[in-house]
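Tertiary structure, described
Next come the chains, spelled out residue by residue.
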Amino acid sequence: MTVFESKETINKPVAAVYAFLADFNNHQQLMPANISDWSSSKDEARFSIQNMGKLALKISNRIENSSVIIIPAQEVPFNVEMRWVVTDLGDNTTEAILTISAALNMMMKMMASGPLKKLTANQTEQLKKLMQ
């Protein structure tokens, strides 16, 4: 497994950050500009990635005020999991960590590592901006 991780400290209570992440309808706001044709429900999202194709994701597990796990909703070229973990730091401050774990062969690793690393950083940065 190849792992990409990014974290931010957010000046909001853990319940507010978790509530935002637990609803897939909010995740469009975290996506980079190369995402289009977004459609979502609370549990699932479908979208297109410029020059790559369509992707469907679903929330497979929620642990209140702790974590949200996202997996593909249909077959993908490689196994991937996105895991948001939120931790209460006290004083209405939350640490949000996004970890993307992907089973990449050597060729896919060369092609996908840059975009996946950029995606993790972009999503945590956008979350911090939106929640401030």
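These lines cover the structure that appears in this document, whether it is placed above or below. (Residues numbered from 1 in each chain as written. Predicted model: local features only at pLDDT ≥ 70, side-chain atom pairs only at ≥ 80, totals over all residues. Heavy atoms only, no water.)

1. Thoughts on the pairing of strand E1 (residues 2-10)
We apply this condition: Classification of residues uses two cut-offs on accessible area relative to the type maximum, computed with a 1.4 Å probe and protein chains only: under 20% is buried, over 50% is exposed, and between them is partly exposed. Secondary structure is summarised from DSSP: a helix means a run of H or I of at least four residues, a strand means a run of E of at least two, and numbering begins at the N terminus for each. Any two strands with at least two DSSP bridges between them are considered paired.
In E1, alternate side chains face the same way, and those of Thr2, Phe4, Ser6, Glu8 and Ile10 are buried while those of Val3, Glu5, Lys7 and Thr9 on the opposite face are not. With nine bridges joining them, E1 and strand E7 (residues 93-102) adopt antiparallel strand pairing. When the sheet's bridge partners are listed, Phe4 is paired in E7 with Ile100.

2. Brief notes about the pattern of salt bridges
Pairs can form between side chains of opposite charge whenever their charged atoms are close. Filter applied, for reference: The term salt bridge refers to a pairing of a side-chain nitrogen on Lys or Arg with a carboxyl oxygen on Asp or Glu at a separation within 4 Å.
Taken as a whole and assessed by the stated rule, the structure comprises five salt bridges. A salt bridge links Asp43 to Arg62; the nearest nitrogen and oxygen atoms lie 2.6 Å apart. Pair noted here: Asp43 is in the loop between strand E2 (35-40) and strand E3 (44-49) and Arg62 is in strand E4 (residues 53-63), with a separation of 19 residues, a long-range link.

3. Considerations on the environment of Pro13
Note the cut-off: It only takes one pair of heavy atoms within 4.5 Å for two residues to be counted as in contact.
Checked against the element boundaries, Pro13 lands in the loop between E1 and helix H1 (14-21). For Pro13, the contacting residues outside a window of four places in its chain are Asn92 and Thr94.

4. Brief notes about the packing of aromatic side chains
Each aromatic ring pair is characterised by the separation of its centres together with the angle its planes make. Heads up, the rule is: Two rings belonging to Phe, Tyr or Trp (six-membered ring only in the last case) form a pair when the distance between their centres is within 6.5 Å. Interplanar angles under 30 degrees mark stacking, angles over 60 mark edge-to-face geometry, and anything in between is tilted.
Applying the stated criterion across every chain yields a total of two aromatic pairs. Considering the side-chain rings of Trp38 and Phe47, the 5.2 Å spacing of their centres and the 15 degrees angle between planes classify their relative orientation as stacked. On the basis of relative accessible area, Trp38 is assigned to the buried category, the value being 15%. Phe47 sits in the buried class, given a relative accessible area of 4%. Three or more aromatic residues link up through ring pairs in this structure, and these residues are Phe24, Trp38 and Phe47.

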